[in-house]
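Listed below, chain by chain, are the residues.
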Amino acid sequence: MSENRSVKILIPSGALGLGYDREALARGIAEKPDLIAIDGGSTDSGPHYLGTGTSKYSRNSTKAEWRELMAARAQAGVPLLVGTAGTCGADSAVDWLLDITKEIAAETGARLKVAVLKSGQSPTHIAQKFASGAIAPLPAAPQITSDVIASCTNIVALAGAEQIQAALATEADIVIAGRATDTAIISALPLQRGCHTGAAWHGAKIGECGALATTQPNSGTILIQFDGIGFTITPMGKDARATPHTVSAHMLYENSDPYILHEPGGHLDVTQSQYTAIDERSVRVEGSQWIPSDAYTVKLEGARRAGFQTVSLVLVRSPRYVAHIHEWCADIREKASAKAAERIGGAFEIELRVIGADATLGALEENPSGAVEVGVMGIVTAESEALSRDVAKVLNPYLLHHPLTEEEEMPTFAFPFSPPEMPRGAVYEFCLNHVMALSDPMDAFDLRVEEIGQ
């Protein structure tokens, strides 16, 4: 491994569609990067996007940013790479971004070579792998059966560095990858060109969210330079700075262990890493270690339809009811559930969340507030859309007029909307948090190359 080997990766933002500082991007292009890499999504926004195979970002917004990045790629003369395309990385989301790319190429008169890496998995194939023992649960994974797997509307495998390297090896102008680990799209090229393995993975982890590991997270754009010993991170925002604290702290982001990060083929250990400020803006990191694993595994994510949902919202200001809001909600839930079961039937669930008290953490909340008013959100999940709506209508009068005790006068609360029932349509749930063993890294992935434009 040559200590003089160097690779520069320019990361415009934490996600395509999130926005970035245009001047910072221009400064990054002036640094002559070897690759422009950006993440396209994650599971942060819940199972709906994987369940439906759609993006959470506006098509127009995504197209505007992608057009700018395609222009930056042409100016820099280097590849442009996006991972986890279309928020979820499902095959349909990859096709969605590919269609946008073709539109831009047609509008700008560009002729481009595009590598398309898909991560989608057939439920039938995954069920066979499960039956053969090739799939194992990660900590806190739900129990699965062949029927659960078959019920998934989308399953994706998370690509690692090897699959991204295969896409880059096509010498495409643009790489559109399906679901991938956030780090793989950054680590792949430094690893491919012989940079320090531990540094490649560690720098990729620090850079996965753009400028989040700096003093100005919203500036977006950073440049990471990898070499044979370590890596250096430099924010491109005019007033943004990287410090040993901001850089080292990012190992805590979305990671249960601040020293260990698991990836396909091994894990990163930063126990011995040293963080040094080399000037007012840049941080140098050395000492990171990569520990290969005995088996090559990729993570699986799957989502399936969990039913249909209708949501209602009521506002409660009466001091007595605010003080006893949980007793009030428990009584409503019991009585409304019983009435709906008797008069409507079917499989459904009523949930009441108290906004302003503990709607996020529920029973885990440790800091109850003395709120002046609270919102009570009723959530009805049922096996059909019609049943969900009918049960929500049974809940309606309870939310508006239900007294704490039978002896007191009937209260009146406020619905902010009329009608208060707001159908959400089909809702989805994650049901796979497992790893699958592969004999070859490309076994679960599909790579093809297209020529697009004029």
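Quick caveat: nothing in here was measured; it's all calculated off a predicted structure.

**Some details on the overall build of the chain**
Thought 1: Along the chain, the regular secondary structure elements total 13 helices and 19 strands.
Thought 2: Computed over C-alpha atoms, the radius of gyration of the chain comes to 25 Å, within 12% of the 22 Å expected from 2.2 N^0.38 for 454 residues, which places it in the range of a compact globule.
Thought 3: For the chain, the spread of C-alpha atoms along the three principal axes comes to 85 × 50 × 50 Å.
Thought 4: Counting the 454 residues in the chain, one finds 51% classified as buried.

**Here we look at the packing of helix α3 (residues 59-76) against helix α4 (residues 91-108)**
Thought 1: Two elements in contact, α3 and α4, have axes whose closest approach is 10 Å; the angle formed by their N-to-C orientations is 55°. For the element pair α3 / α4, the angle class is oblique. As α3 runs across α4, the sense of the crossing is right-handed. Of the residues in α4, those in contact with R59, T62, K63, W66, R67 and M70 of α3 are W96, L97, D99, I100, T101, E103, I104, A105, E107 and T108.
Thought 2: When its residues are assigned to classes, the contact of α3 with α4 shows seven nonpolar, three polar and six charged.

**Regarding the environment of S318**
Thought 1: Its location among the elements puts S318 in the loop between β15 (297-316) and α11 (319-323).
Thought 2: Looking at S318, the relative accessible area reads 28%, which means it is partly exposed.
Thought 3: Through-space distance from the C-alpha of S318 to that of P411 is 8.9 Å; in sequence the pair is 93 residues apart.

**A short note on the sheet that holds strand β10 (residues 260-263)**
Thought 1: Ordered by their spatial adjacency, three strands build an open sheet running β10-β11-β14, and the pairing between neighbours is antiparallel. Looking along the sheet, the strands with just one partner apiece sit at the ends: β10 and β14 (289-292). Sheet twist, expressed as the mean angle between neighbouring strand axes with direction ignored, is 25°.
Thought 2: Note that β10 and strand β11 (residues 266-269) share four bridges and pair antiparallel. Counterpart to L261 in the pairing with β11 is L268.
Thought 3: Across the sheet, helix α9 (residues 197-207) lies against β10, β11 and β14, angled at about 105° from β14, the strand it touches most.

**A look at the side chain of D269**
Thought 1: Relative to the helices and strands, D269 resides in strand β11.
Thought 2: Among the polar contacts made by the side chain of D269, one reaches the side chain of T271 at a distance of 2.4 Å.
Thought 3: Residues within four places of D269 in sequence aside, it is in contact with Y259, I260, S288 and Q289.

**Here we look at the pairing of β11**
Thought 1: Linking β10 back to β11 in an antiparallel pair, the connection comprises two residues, with G265 at a positive phi of about 90°.
Thought 2: Bridge analysis of β11 against β14 gives four bridges, and the strand direction is antiparallel. Along β14, the bridge assignment pairs H267 with I291.

**Quick notes on the nonpolar core**
Thought 1: Formed by 61 residues in total, the largest nonpolar core has its most connected members in I9, I164, I233, M436 and F445.
Thought 2: For F445, the contacting residues outside a window of four places in its chain are L117, K118, S119, A157, L158, A159, Q163, V298 and L438.
Thought 3: In this structure, M70, V94, I104 and I452 belong to the second largest nonpolar core, which totals 30 residues.

**A closer look at the sheet that holds strand β12 (residues 274-277)**
Thought 1: On the basis of which strands lie adjacent, the open sheet formed by ten strands has the order β12-β13-β9-β8-β1-β2-β3-β7-β4-β19 and mixed pairing. Two strands close off the open sheet at either side, each with one partner strand: β12 and β19 (446-453). On average, adjacent strands in this sheet sit at an angle of 20° to one another, irrespective of strand direction.
Thought 2: One ladder, built from five bridges, connects strand β2 (residues 35-41) with strand β3 (residues 80-87); its direction is parallel.

Thresholds, definitions, all that
- Residues numbered from 1 in each chain as written.
- Predicted model: local features only at pLDDT ≥ 70, side-chain atom pairs only at ≥ 80, totals over all residues.
- Heavy atoms only, no water.
- Helix = DSSP H or I, 4+ residues; strand = E, 2+ residues; numbered from the N terminus.
- Rg over C-alpha atoms; globule rule 2.2 N^0.38 Å.
- Buried < 20%, exposed > 50% of the residue type's maximum accessible area, 1.4 Å probe, protein only.
- Axes fitted to C-alpha atoms, helices over the stretch in contact; angles between N-to-C directions.
- Parallel < 35°, antiparallel > 145°, perpendicular 65-115°, else oblique.
- Left-handed = near helix turned anticlockwise from the far one by under 90°.
- Contact = heavy atoms within 4.5 Å.
- Nonpolar A, V, L, I, M, F, W, Y, C, P; charged D, E, K, R; others polar.
- Pairing = 2+ DSSP bridges.
- Polar contact = N/O pair within 3.5 Å; in protein donor to acceptor, adjacent residues only side chain to side chain.
- Core = buried A, V, L, I, M, F, W, Y, C linked by side-chain atoms within 4.5 Å.

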